[in-house]
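Single-letter residue listing:
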Amino acid sequence: MIPYYRGHLLAELRRFPGWVEPEGIGLTDETVVYVRQDLSVVLHPVQDDESVLWDADTPRWRTFCESELRFEVPAELRADAD
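Residues numbered from 1 in each chain as written. Predicted model: local features only at pLDDT ≥ 70, side-chain atom pairs only at ≥ 80, totals over all residues. Heavy atoms only, no water.

Caption draft 1: Quick look at the overall build of the protein chain. Looking only at helices and strands, the protein chain has 2 helices and 4 strands in total. Starting at the N terminus and walking to the C terminus, you meet the elements of the protein chain as β-α-β-β-β-α. Relative to the globule expectation of 12 Å for 82 residues, the C-alpha radius of gyration of the protein chain, 13 Å, shows essentially globular dimensions. Buried residues in the protein chain amount to 32% of all 82 residues. Here the contacts in the protein chain between residues at least 6 apart in sequence split such that 51% fall between residues at least 24 apart. When the accessible surface of the protein chain is totalled, it reaches about 5400 Å², and 50% of it is carbon and sulfur. (Helix = DSSP H or I, 4+ residues; strand = E, 2+ residues; numbered from the N terminus. Rg over C-alpha atoms; globule rule 2.2 N^0.38 Å. Buried < 20%, exposed > 50% of the residue type's maximum accessible area, 1.4 Å probe, protein only. Contact = heavy atoms within 4.5 Å. Areas by Shrake-Rupley, 256 points an atom, 1.4 Å probe, with all protein chains shown as cover.)

As structure tokens, then:
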């Protein structure tokens, strides 16, 4: 399966009421971060395991990603695609 990532400005993700990010890394609202198919958020898609900013897959976060960010893995990249 090909991993899927979609870039977003950090300002968009900071609108989520429960958003918490690591302190001391100096990110601005204009920083581009990447939501990956499991709805975790990383700084760099190439080094994603080393740069995870968010990995709390809760029902509220899933709803935010779907309704506010309009995040959806393309059908041809989904595990359930035929």
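Caption draft 2: Main features of the pairing of strand β2 (residues 32-36). Judged from the 5 bridges that link them, strand β1 (residues 5-9) and β2 form a sheet pairing that is antiparallel. Paired with His-8 across the strands is Val-33, a residue of β2. Between β2 and strand β3 (residues 41-42), which follow one another and run antiparallel, lie 4 residues, and Leu-39 among them has a positive phi close to 70 degrees. (Pairing = 2+ DSSP bridges.)

Caption draft 3: Representation of the pattern of salt bridges. This model, assessed by the stated rule, comprises 5 salt bridges. Here the salt bridges share partners, and the residues they tie into one network are Arg-14, Glu-21 and Asp-29. (Salt bridge = Lys/Arg side-chain N within 4 Å of Asp/Glu carboxyl O.)

Caption draft 4: Quick look at the sheet that holds β3. Taken in spatial order, the 4 strands of this open sheet run β1-β2-β3-β4, and their pairing is antiparallel. With one partner strand each, in any of the chains shown, β1 and β4 (52-54) form the two edges of the open sheet.

Caption draft 5: Region of interest: the packing of aromatic side chains. Scanning all chains against the criterion turns up 8 aromatic pairs. Taking the centre distance of 5.8 Å and the plane angle of 80 degrees together, the rings of Phe-16 and Trp-54 count as edge-to-face. Here Phe-16 is found in the loop between α1 (10-13) and β2, whereas its partner Trp-54 is found in strand β4, with 38 residues between them in sequence. Residues Phe-16 and Trp-54 agree in their burial class; the two are buried. (Phe/Tyr/Trp six-rings, centres within 6.5 Å; stacked < 30°, edge-to-face > 60°.)

Caption draft 6: View of the nonpolar core. Counting 19 residues, the largest nonpolar core has Leu-13, Trp-19, Val-35, Val-41, Trp-61, Leu-69 and Phe-71 as its most contacted members. Mapped onto this core, the elements with two or more residues apiece are α1, β2, β4 and α2 (59-67). Of all the elements, α2 adds the most residues to this core, at 3 residues. Not counting the four nearest positions on each side in its chain, Val-41 is found in contact with Leu-13, Trp-19, Val-33, Tyr-34, Val-35, Ser-51, Val-52, Leu-53, Trp-54 and Trp-61. (Core = buried A, V, L, I, M, F, W, Y, C linked by side-chain atoms within 4.5 Å.)

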